Amino acid sequence: MNFDMVWKNVWDLLSFPFQHLLVINCLLSIVIIFFQRKNPASVWTWLLILYFIPVAGFVFYLLIGGDMHKSRMFRTKELEDHIHEAIRSQEASIRTRTLQEEWPHLKKYSDLIYYNLESAGAMLTDNNRIRIFTDGNEKFGALIEDMKQAREFIHIQYYIIKNDVLFQRISDVLVEKAKEGVEIRILCDGMGGRFVSRRFWQKLRDCGIHTAVFFPPLLGPLNLRINYRNHRKIAVIDGCVGYVGGFNVGKEYVGLDDRFGYWRDTHLRIEGAAVANLHVRFILDWNYASRDSLPDEEERYFRQPEKRLGKSQIQIISSGPDSNLQNVRNNYLRLINKAEKSIYIQTPYFIPDDAIFSALVVAAYSGVEVNIMIPCKPDHPFVYWATYSYIGDLVMAGAKCYTYDNGFLHAKGLIVDEQVLCYGTANMDIRSFKLNFEVNAVVYDEKEAVKMVEAFQKDLEVCTCITRDLYASRGLIVRFKEQVCRLLSPLL
C-alpha cells in the first residue's frame, strides 16, 4: 500500500510538466519574447521548437538557449576588461592624430583602426614580424622550439586540449622547463578540456605547472553550460613571442586522425609590440578562471622589442558575450564593405548574420571578386548543411565558392584587396560572433596579405569549385537537409 502511494506521488510529479505543458510553453515564450534581447530570427526559431517538440524543446532551451544570467556571470570580467581597455584606448587615441602622416598606406583603414581603439581598446602596434603557418606539424614544431628557449614564462591557452601524442610532446617540454624554474601556466576551456583527466592535470600541478579551466563542467564530464565557450588559442613565451590562430592541441591537428585526414589550418607567430596586447588577453582570461591571479603591472609580462623586427602593423581584437559590441564580427563586416577588388574567406563554418551575408552579396554584385572556401566534409553535420545553403546563395550571386578536398579545412579569416588580413580563432558564424570568446589579429601589411592570398590559391589546387550548375543539381535529400539546418541556423 505504501509502495503504491509512493509510486502515485512519483507519477504525479513526473506527469506535472506534461499536464501543464501548454502553460509552461506560454510562460517560456513570454520570457523569450519580452525579457531577453534576442534576434527576431532566433526568437521565431525557439518558438517553433517549443511548439513542435514541446518537451525536448523545453529541455534544449534550458541547456543552450537561456541567457538570463549572462550579465551577472560576466559582471566582474567586464569591469576588469573595461579598466584595461580605457587605459589602452587613451594611449592609442593620441597616436591617431598623426596616423596618416606616419603610415600613409593605412589611410584607407583609419576608420577601422579608430573603431578598434574605441570599441575594443586595441592599440595599433608597429614593429612586428609575423610568420604564417598552415600546417600543424610546422606550427607545433615551432611552438615547442620557442618553449624550449623560454627563460621566464610560458603561458598557453587553447579551447581544446586532448591528452594524446601531441599534448604529451608539449607537456614533456613544459615539465622540463618547470624544473628549470620557468613559470608555466595552461588555460583551457571546460568543454574543450574534458578530454584530459583530473589526474593528469594534478600530475602537471605536482610538477609546478599552474593550470586553470574556463567554465569547468558542473557535473563531471557532463557540461550543461554549452554556450559561452572560450574558443581562444593563445601562446606567449617570455613576452617576446606570441601565437594566435585556429590550431588546438590534439592529434587531428597534426594530421594523425583518419577521420579528418590532413588538417588545413592557419596560425600566426608574432614577434614584436603586438605580443604584449595578446598577453593582456591571456591574463584577463586567466584571472577570471583562476584564483591565482596574475599581476598585470609586471614589466616582464609586457616587454617591448629592443630592436627593429618587422614592418607589420597589428591590432589584437577580441570579443565575446562579455563585450558590448561584436568586435570581431564588426571587423569582418567593415573589411568586406571596404573591399574594392577582392575578398578571400576561409572558414569551416559559414553561417553569417544578415549584415555579413548582405555585404558579401552586394560586394559580389558590385564586381568585387568574392572567394569563399569551406570544408568538403562535415565535423558537425547540422552546421555543415546550413553552411552549404548560404554558400549556394552566394554562388548564385556570382561569388566563387570552393570545397577543400584534401582533408579538413579549419582556417578562420579573410584577406581584403591583398592589403589587410584578419585571422585568428573566430569562425564566420553567429556562434563566434555572439556566444564564444574569440581573438583575432588584424594585420595591415601588404606583403603578408599577399602571402596569405598565395596560400589560398595553392589550396585551390585541391578544391572543387561549386558552380551554379553543380549547386542546382543537388538531390532532394540535400535540399531537405539544407532547409532544416538553415531554419535552425540562429541556434547553431
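It should be noted that the structure appears before, not after, this text.
None of the values given here were measured: they were computed from a predicted structure.

J.: Account for the packing of aromatic side chains, naming residues and giving values.
T.: As enumerated under the stated definition, the model contains 21 aromatic pairs in all. Taking the centre distance of 5.3 Å and the plane angle of 80° together, the rings of Phe 260 and Trp 263 count as edge-to-face. Like Phe 260, the residue Trp 263 is buried in the burial classification. Considering the side-chain rings of Phe 282 and Trp 286, the 6.1 Å spacing of their centres and the 25° angle between planes classify their relative orientation as stacked. Here Trp 286 and Phe 282 lie together in helix H12 (residues 274-289), a separation of four residues that amounts to about one turn. Both residues of the pair, Phe 282 and Trp 286, belong to the buried class. Each member of the aromatic cluster is reached from another via a ring pair, and the members are Phe 214, Phe 215, Tyr 288 and Phe 437. Positioned above the aromatic ring of Phe 140, the side-chain terminus of Lys 139 is 3.8 Å from the ring centre.

J.: Could you give me a rundown of the nonpolar core, with the residues and numbers involved?
T.: Ranked by internal contacts, the top residues of the largest apolar core, which has 57 residues, are Ile 343, Leu 360 and Ile 372. In terms of residue count, helix H15 (residues 381-397) provides more of this core than any other element does, ten residues in total. Apart from the residues within four sequence positions on either side, Ile 372 is in contact with Ile 345, Phe 350, Leu 360, Ile 391, Leu 394, Lys 400, Cys 401, Tyr 402 and Phe 456. Val 175, Ile 184, Tyr 243 and Trp 263 belong to the second-largest nonpolar core, a separate cluster that totals 41 residues.

J.: Which residues make up the environment of Glu 176, and what values go with them?
T.: Positionally, Glu 176 belongs in helix H10 (residues 165-179). Remark: the alpha-carbon pair of Glu 176 and Cys 207, spanning 31 residues in sequence, is separated by 9.0 Å.

J.: Tell me about the environment of Ile 130, residues and numbers included.
T.: Tracing the backbone through its elements, the reader meets Ile 130 in strand E1 (residues 125-135). In this structure Ile 130 comes out as buried when scored by relative accessible area, which is 8%. Spatially, the C-alpha atom of Ile 130 lies 6.3 Å from that of Glu 271, the residues being 141 residues apart in sequence. Among all residues touching Ile 130, those that are not within four sequence positions of it are Arg 269, Ile 270, Ser 312, Ile 314, Val 443 and Glu 448.

Conventions adopted
Residues numbered from 1 in each chain as written. Predicted model: local features only at pLDDT ≥ 70, side-chain atom pairs only at ≥ 80, totals over all residues. Heavy atoms only, no water. Phe/Tyr/Trp six-rings, centres within 6.5 Å; stacked < 30°, edge-to-face > 60°. Buried < 20%, exposed > 50% of the residue type's maximum accessible area, 1.4 Å probe, protein only. Helix = DSSP H or I, 4+ residues; strand = E, 2+ residues; numbered from the N terminus. Lys NZ or Arg CZ within 6 Å of the ring centre and 35° of its normal. Core = buried A, V, L, I, M, F, W, Y, C linked by side-chain atoms within 4.5 Å. Contact = heavy atoms within 4.5 Å.

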